[in-house]
Amino acid sequence: DKEEIGSAEVLQASSQLRNAMGQLGVICCSKAPTKSAHLKRNTIYSEHKKILLFLTKNHLKEMLSIRERGEDPSDLILDLIDSFKLEHE
């Protein structure tokens, strides 16, 4: 809760995404990321086709609820990926 997710954190996460590791990264955050984090994430996607998702506490709670219903919580991740791609077409 003390630090915000900014462009530096997005760059650091992006640097870990290599072909051997894949092109999808997830950043869990308790606060909403800054505008600069969103802009940097969008630039990284446009230039390198790397997807970085921001998961909030609410997303994680929703995933737990999905699991309790006996469904697959990864469906939420897939929905977030689809939404992200639609926003950037």
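The present account deals with the structure reproduced in this document. (Residues numbered from 1 in each chain as written. Predicted model: local features only at pLDDT ≥ 70, side-chain atom pairs only at ≥ 80, totals over all residues. Heavy atoms only, no water.)

Attention now moves to the overall build of the chain. Across its full length, the chain carries 4 helices and 2 strands. Walking the chain from its N terminus toward its C terminus, one meets helices and strands in the order α-β-α-β-α-α. Taken over C-alpha atoms, the radius of gyration comes to 13 Å for the chain, in line with the 12 Å a tight globule of 89 residues would show. Projected onto the principal axes, the alpha-carbon positions of the chain cover approximately 40 × 30 × 25 Å. Looking at the chain residue by residue over its 89 residues, the buried ones come to 30%. Within the chain, residue pairs in contact and separated by at least 24 positions form 71% of the contacts whose partners lie at least 6 positions apart. Counting only carbon and sulfur atoms, one obtains 51% of the accessible surface of the chain, whose full area is about 6200 Å². When the 13 basic and 14 acidic side-chain charges of the chain are each reduced to a single mean position, those positions are 6 Å apart. (Helix = DSSP H or I, 4+ residues; strand = E, 2+ residues; numbered from the N terminus. Rg over C-alpha atoms; globule rule 2.2 N^0.38 Å. Buried < 20%, exposed > 50% of the residue type's maximum accessible area, 1.4 Å probe, protein only. Contact = heavy atoms within 4.5 Å. Areas by Shrake-Rupley, 256 points an atom, 1.4 Å probe, with all protein chains shown as cover. Lys, Arg positive; Asp, Glu negative; His and termini not counted. Charge placed at Lys NZ, Arg CZ, Asp CG, Glu CD.)

With their axes 8 Å apart at the nearest point, helix 3 (residues 57–68) and helix 4 (residues 74–87) run at an angle of 135° to one another. The orientation of helix 3 relative to helix 4 falls into the category oblique. Side by side, helix 3 and helix 4 meet where His59, Glu62, Met63 and Ile66 of the first sit next to Leu76, Ile77 and Leu80 of the second. Taken together, the residues that form the contact of helix 3 with helix 4 break down as 5 nonpolar, 1 polar and 1 charged. (Axes fitted to C-alpha atoms, helices over the stretch in contact; angles between N-to-C directions. Parallel < 35°, antiparallel > 145°, perpendicular 65-115°, else oblique. Nonpolar A, V, L, I, M, F, W, Y, C, P; charged D, E, K, R; others polar.)

Its location among the elements puts Gly22 in the loop between helix 1 (7–15) and strand 1 (24–29). Counting along the chain gives 29 residues from Gly22 to Ile51, while the straight-line C-alpha distance between them is 9.7 Å.

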